[in-house]
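An overview of the molecular structure
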Amino acid sequence: MGAIVLMTIGLAAEAAWLAWTGEPVAGVPLAAAALYLGHIVGLSTRVWWRPWPSRQPATLTTTPDGTTGVRFRYSSWSYYWLTAILVMNELVLLVVALGAALSATLVGVVAAVVLGLLVVWMGWMLVTMLRLAPGSLIVSPTGVEHRGLASSCFIPWYAMVAVTADWLGTPIIAVKAYLSPDTRVRRYLGRLGSGELSFWPIMVIRTGWLASDPTLVYHTLSFYHAHPALRAELATPQALKRIGTR
């Protein structure tokens with residue numbers, strides 16, 4: 001990541017120098033590359049950076065089944081970085097596909113078709129992600145509801161076995177459970193965009209997407225899993241008070 005940061009600074013500096021010396025057109029590709037790499041750095045920083053205490057607190061909300069629960073939202077910044085990267089990827093692929101199609105050769109046409117399918121899939125993923133946004137984790141008296149980028153799932157308390165801090169390329173919270181009549185899952189992109197659901201019925205929560213302190217989210221899940229008698233307060237401000245005092 002440090003190397004990408006240096007590349008970004010170098011490209012931006014060269015683009016600025018070309019603009020200063022009267023060659024702004026030559027600097028446009030460099031500026032575009034610096035913009036793209038800068039967004040890669042932004043998303044990676046958001047995923048990997050140590051959480052700050054100033055992150056958004058939990059709130060009370062109505063769950064899909066009509067009860068009330070404590071909600072931990074996904075970060076708006078994470079959505080921005082990923083959305084911008086996907087849009088820039090789509091624009092680049094569209095330009096390359098158009099160029100391949102205009103070549104009027106068999107290889108060019110095949111490449112244009114393949115790239116076109118990739119653009120359609122990425123567009124489908126982007127629309128689905130934004131339609132479900134913002135993602136959230138809702139902890140209620142009945143169980144835990146997780147709405148991610150392209151899927152949603154629910155685990156009732158009685159089916160939950162353990163809550164662990166784990167690692168899956170990036171830090172995650174894993175809610176381990178067994179299948180029950182009340183567990184449910186929905187894949188909005190089918191098998192293509194639900195990598196975390198390959199571990200189902202383990203609920204995978206990537207901490208880099210949370211707007212709240214992931215350590216606090218982990219301890220909230222662990223606490224109410226270990227104290228069944230107190231789960232009813234998850235529908236009341238008492239839960240927010242307990243969580244607020246850590």
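Everything in this summary refers to the structure shown in the same document. The structure presented is a predicted model; accordingly, all values stated were derived computationally and were not measured.

**Focus: helix H1 (residues 2-20)**
- For H1, spanning 19 residues, the distance from its first C-alpha to its last is 27 Å, which sits close to the expected 27 Å at 1.5 Å a residue.
- Those residues of H1 that sit buried are Thr8, Ala15 and Leu18. Looking down the long axis of H1, one finds its buried residues gathered within 100° of arc, a one-sided arrangement. Summarising the geometry of H1, the exposed residues directed more than 90 degrees from the buried face are Ala3, Leu6, Ile9, Trp17 and Trp20.
- On its buried face, H1 is in contact with helix H2 (24-48).
- Looking one or two residues beyond H1, the residue adopting positive phi is Gly22, at roughly 90°.

**Observations concerning the side chain of Thr8**
- Here Thr8 lies in helix H1.
- Overall, the relative accessible area of 14% leaves Thr8 in the buried class.
- Within the local environment of Thr8, its side chain forms a polar contact with the backbone oxygen of Ile4, the two atoms lying 2.8 Å apart.
- Here Thr8 is in contact with Ala34, Leu37, Gly38 and Val41, once residues within four sequence places are set aside.

**Some thoughts on the sheet that holds strand E1 (residues 59-62)**
- Read across the open sheet, the six strands follow the order E1-E2-E3-E4-E5-E8; overall the sheet is antiparallel. Since the sheet does not close on itself, it has two edges, and those belong to E1 and strand E8 (184-187), each with one partner. On average, each strand axis in the sheet is tilted by 20° relative to the strand beside it, whichever way the strands run.
- As paired strands, E1 and strand E2 (residues 68-73) are joined by four bridges and run antiparallel to one another. When the bridges of E2 are listed, Leu60 appears paired with Val70.
- Across the sheet, helix H6 (residues 237-244) touches E1 and E2, and the angle it forms with E2 is around 40°.

About the thresholds
- Residues numbered from 1 in each chain as written.
- Predicted model: local features only at pLDDT ≥ 70, side-chain atom pairs only at ≥ 80, totals over all residues.
- Heavy atoms only, no water.
- Helix = DSSP H or I, 4+ residues; strand = E, 2+ residues; numbered from the N terminus.
- Expected span 1.5 Å × (residues − 1).
- Buried < 20%, exposed > 50% of the residue type's maximum accessible area, 1.4 Å probe, protein only.
- Arc of directions from axis to C-beta.
- Contact = heavy atoms within 4.5 Å.
- Polar contact = N/O pair within 3.5 Å; in protein donor to acceptor, adjacent residues only side chain to side chain.
- Pairing = 2+ DSSP bridges.
- Axes fitted to C-alpha atoms, helices over the stretch in contact; angles between N-to-C directions.

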